Amino acid sequence: MKLLMHICCSNCSIYPLQQLQKDGMSIYGLWYNPNIHPLSEYNERMDSLKTLQDEVGLDVEYIDDYGLIDFVRNVVGRETDRCEYCYYTRLEETAVKAKENGCDAFTSSLLVSPFQKFELLMKTGNEIAIKHDIEFLDRDFRSGYRIGREMAKEMGLYSQKYCGCIYSEMDRNRKRTK
């Protein structure tokens, strides 16, 4: 199976990549994360993925779009539901690219994180799959989250401290100051 994986960051992609390769899949990566803020964080995560790409020989397409303005415009007034927009935007772009590149399916490294809204991710991915007539590989990789983080640490990869958007950064900083 030829699979396009949306990659949110290097350390979340390690375990799913490893598992899917064991299943004999041909995996390609897509970096498309217009939600990540600030720009320094965006660049740090993208650079870390490039390091991983070189380490494991992964083919990755980069859509280098620091999209803070569009992201904020699209979630303002519905900040508590921002993940819906964020997931939809990234997964839809992945599905479109997967179809363009003749892939059989698409997925996301977001499915490894216990901090993501797993059911919303699954629902969103499957809706987009129907819309674009391509399979969404909806595997639950969360059991390997800690394994992937340890592997990333051993490889010296950057490890972020929050989901990525300006609101998750705010939430993280609020928790730290309490």
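All residue numbers refer to positions counted from 1 along the written sequence of the respective chain. Reporting of local features is limited, given that this is a predicted model, to residues whose pLDDT is at least 70; pairs of side-chain atoms are given and counted only at 80 or more, and all residues count toward the totals for whole chains, interfaces and linings. Side-chain figures throughout are based on the complete set of non-hydrogen atoms in the structure, without hydrogens or water.

1. Focus: the state of the cysteines
Here is step 1 of the chain: For the purposes of this analysis, a disulfide is any pair of cysteine sulfur atoms at a distance within 2.5 Å. Tallied over the full model, the rule gives 0 disulfides.
Here is step 2 of the chain: In this structure Cys 103 is a free cysteine whose sulfur lies 18 Å from that of Cys 8, the closest cysteine sulfur available.
Here is step 3 of the chain: The exposure class assigned to Cys 103 is buried, which follows from its relative accessible area of 10%. Burial classes: relative accessible area under 20% of the type maximum marks a residue as buried, over 50% as exposed, and values in between as partly exposed (1.4 Å probe, protein chains only).

2. Structural notes on the nonpolar core
Here is step 1 of the chain: We call a set of buried Ala, Val, Leu, Ile, Met, Phe, Trp, Tyr and Cys residues a nonpolar core when their side-chain atoms join them within 4.5 Å. Ranked by internal contacts, the top residues of the largest apolar core, which has 48 residues, are Leu 3, Leu 20, Ile 27, Trp 31, Phe 106, Leu 111 and Phe 136.
Here is step 2 of the chain: Counting residues per element, the ones that place at least two in this core are β1 (2–6), α1 (10–22), β2 (26–31), α2 (39–56), α4 (82–100), β4 (105–108), α5 (118–132) and α6 (145–155).
Here is step 3 of the chain: Helix and strand definitions follow DSSP, with helices as H or I runs of at least four residues and strands as E runs of at least two, each counted in order from the N terminus. Looking at which element gives the most residues to this core, the answer is α5, with 6 residues.
Here is step 4 of the chain: In terms of nonpolar packing, the next biggest core, distinct from the first, is built from 6 residues, Phe 71, Val 75, Cys 165 and Tyr 167 among them.

3. As for the pairing of β4
Here is step 1 of the chain: Here β4 shows two buried faces, one formed by Ala 105 and Thr 107 and the other by Phe 106 and Ser 108.
Here is step 2 of the chain: At least two DSSP bridges between two strands are needed for those strands to be called paired. Inspection of the sheet shows β1 paired to β4 by 4 bridges, in the parallel sense. When the bridges of β4 are listed, Leu 4 appears paired with Phe 106.
Here is step 3 of the chain: Summarising the sheet, β4 and strand β5 (residues 135–136) pair through 2 bridges and their orientation is parallel. Counted as the bridge partner of Ala 105 is Glu 135 from β5.

4. Regarding α5
Here is step 1 of the chain: Each residue after the first adds 1.5 Å to the expected span of a helix. Along its 15 residues, α5 runs 21 Å from first to last C-alpha, staying within 8% of the 21 Å computed at 1.5 Å per residue.
Here is step 2 of the chain: For α5, the elements touching its buried residues are α4, β4 and β5.
Here is step 3 of the chain: Asp 133 lies just past α5 and shows a positive phi near 55 degrees. The contact definition used throughout considers only heavy atoms, calling two residues in contact when any of these lie within 4.5 Å.

5. Brief notes about the pairing of β2
Here is step 1 of the chain: Relative to β2, β1 runs parallel, the two sharing 5 bridges. Its bridge partner lying in β2, Met 5 is registered against Gly 29.
Here is step 2 of the chain: Crossover handedness is defined here as right-handed if the route from the first strand over the helix to the second strand goes clockwise, with the strands pointing away from the viewer. In this region the chain leaves β2, passes through α2 and returns to the parallel neighbour strand β3 (residues 59–62); the handedness of that crossover is right-handed.

6. Description of the packing of aromatic side chains
Here is step 1 of the chain: Ring pairs are drawn from Phe, Tyr and Trp, using the six-membered ring of Trp, whenever the two centres fall within 6.5 Å, and their geometry is named by plane angle: stacked under 30 degrees, edge-to-face over 60, tilted for the rest. This model, assessed by the stated rule, comprises 6 aromatic pairs.
Here is step 2 of the chain: Judged by centre distance (6.0 Å) and plane angle (50 degrees), the rings of Phe 71 and Tyr 85 are tilted. A residue pair is termed long-range when its members are at least 10 positions apart, and Phe 71 in helix α3 (residues 68–75) and Tyr 85 in helix α4 qualify at 14 residues. Here Phe 71 and Tyr 85 have matching classes, each one buried.

By themselves, these figures tell us nothing about what the structure is for.
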